[in-house]
Amino acid sequence: MILLARLDDAKAARQQKPLISFNGATLRLGGKTIIENLDLTVRPGEFLCIVGASGCGKTTALRLAAGLYRPTGGAVTFDGQAMLEPRREVAIVFQDYGKALLPWRTAAGNISLALEASRIPARERPGRIAELLRKVGLPAHAEKYPAEMSGGMQQRLQIARCLAQEPTTLLMDEPFGALDAMTRQGLQDEVLSLTAATNTTVIFVTHDLDEAIYLGDRVVGLLPHPGRIGIELDVNLSRPRDQLATREHPEFLRLRRQLFDFIKATEH
Ligand SMILES: Nc1ncnc2c1ncn2[C@@H]1O[C@H](COP(=O)(O)OP(=O)(O)OP(=O)(O)O)[C@@H](O)[C@H]1O
């Protein structure tokens, strides 16, 4: 009975209209094909992870999804419309939080910036800022400047600033790559619970195969030169995920081996 229900869920999910679609998307830059004929769809509320060897085009694919690049062939659509420029409902979290935050603004000031851009009236901003800082675990740090915060805290602040946009979609480019292992695991769980609570659609780029399986509903591995899909794996691990139990699950280990073999083969 339970198995049938799960199969029905999986079928329903597959039939859902995609939110983001790469339809034969190709991108040439400087005379070089960086991404070639990429076909990929992301369902509303899905958490999709992209992995691949360095230079295979992960960031470029994310920039196409963000509307920061226009494909030179094929199309990238968001909610059925060509993604030709950035949209407010699509927020991007970068690895380099140091560059993403304004050093002369406090934590509250950095979040306020996004609220100002969304034309939220001044009287509503303090309440929204306090709520966002609470959500990312920084309730007591509103008046701190980025330089007074640890790397993990700055990345939390960048996430809060993105959430201020009330995005339906988060594009995350190696957001935890520069953080230590413990901070990283804490932030993985926070991102999972924040995005699940708001049914946010996520494309998450990472070098870390374990991180991709731990977070994702699906993991896509890109092949390099030019970037294209080499492997696509559904992650059938129950949620909420657990840092110990999920990572020890036989299915986790099976997927990890499959991805590891894929990456190793692409390096030759
Ligand atoms: N503006 C550009 N002009 C020409 N080539 C570019 C440009 N941007 C990226 N590339 C090339 O495209 C390829 C893919 O780059 P991209 O940054 O998307 O890879 P990546 O998989 O994200 O790499 P990494 O894991 O190292 O961050 C690389 O060979 C890179 O040198």
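Keep in mind that this is a model prediction, so the values were computed, not measured.

Draft legend 1. Quick peek at the nonpolar core. The biggest cluster of nonpolar side chains holds 52 residues, and the ones touching the most others in it are Ile 111 and Ile 159. For this core, the leading source of residues is helix 6 (residues 151–164), giving seven residues. Residue contributions to this core reach at least three from each of two domains, namely domain 1 (44–67 + 85–89 + 168–268) and domain 2 (99–166). Apart from the residues within four sequence positions on either side, Ile 159 is in contact with Val 93, Val 136, Met 172, Phe 176, Leu 187, Val 191 and Leu 194. Membership of the second largest hydrophobic core comes to 27 residues, among which are Leu 48, Val 76, Leu 171 and Val 220.

Draft legend 2. Looking closely at the site of the ligand. Around the ligand, a shell composed of 13 residues is seen, among which Ser 54, Gly 55, Lys 58, Thr 59 and Thr 60 lie nearest. At 2.7 Å from an oxygen atom of the ligand is found a side-chain nitrogen or oxygen belonging to Lys 58. The contact in question runs from an oxygen atom of the ligand to an N or O atom on the side chain of Thr 60, over 2.5 Å. Considered on its own, the ligand offers 640 Å² of accessible surface; in the complex 63% of this is hidden by protein. Among the elements that line the shell around the ligand, the one with the most residues is helix 2 (residues 58–66), at three residues. Residue composition of the shell around the ligand, by class: five nonpolar, six polar and two charged.

Draft legend 3. Up close: the UniProt feature "domain: ABC transporter" (unreviewed entry) in the protein chain. Under the UniProt annotation, "domain: ABC transporter" (unreviewed entry) lies at residues 20–249. As annotated, residues 20–249 comprises 34% helix and 27% strand, and the C-alpha atoms at either end are separated by 30 Å.

Draft legend 4. Summary view of the pairing of strand 4 (residues 73–78). Bridge count for strand 1 (residues 20–29) against strand 4 is five bridges, and the pairing is antiparallel. Within the sheet, the bridge partner assigned to Phe 22 lies in strand 4 and is Val 76. Pairing of strand 4 with strand 5 (residues 81–82) involves two bridges; the strand directions are antiparallel. Directly across from Phe 78, in strand 5, lies its bridge partner Gln 81. What sits between strand 4 and strand 5 in their antiparallel hairpin is a turn of two residues, with Asp 79 showing a positive phi close to 50°.

Draft legend 5. Focus on the side chain of Gln 158. Counting through the fold element by element, Gln 158 comes out in helix 6. Only 2.9 Å separates the side chain of Gln 158 from the backbone nitrogen of Phe 94, close enough to count as a polar contact. The residues contacting Gln 158, other than those within four sequence positions of it, are Ile 92, Val 93, Phe 94, Tyr 97, Ala 100 and Leu 101.

Cut-off values and rules
Residues numbered from 1 in each chain as written. Predicted model: local features only at pLDDT ≥ 70, side-chain atom pairs only at ≥ 80, totals over all residues. Heavy atoms only, no water. Core = buried A, V, L, I, M, F, W, Y, C linked by side-chain atoms within 4.5 Å. Buried < 20%, exposed > 50% of the residue type's maximum accessible area, 1.4 Å probe, protein only. Helix = DSSP H or I, 4+ residues; strand = E, 2+ residues; numbered from the N terminus. Domains from an automatic or database assignment. Contact = heavy atoms within 4.5 Å. Near = heavy atom within 4 Å. Polar contact = N/O pair within 3.5 Å; in protein donor to acceptor, adjacent residues only side chain to side chain. Areas by Shrake-Rupley, 256 points an atom, 1.4 Å probe, with all protein chains shown as cover. Nonpolar A, V, L, I, M, F, W, Y, C, P; charged D, E, K, R; others polar. UniProt positions renumbered as here; feature names shortened; annotations may be inferred. Pairing = 2+ DSSP bridges.

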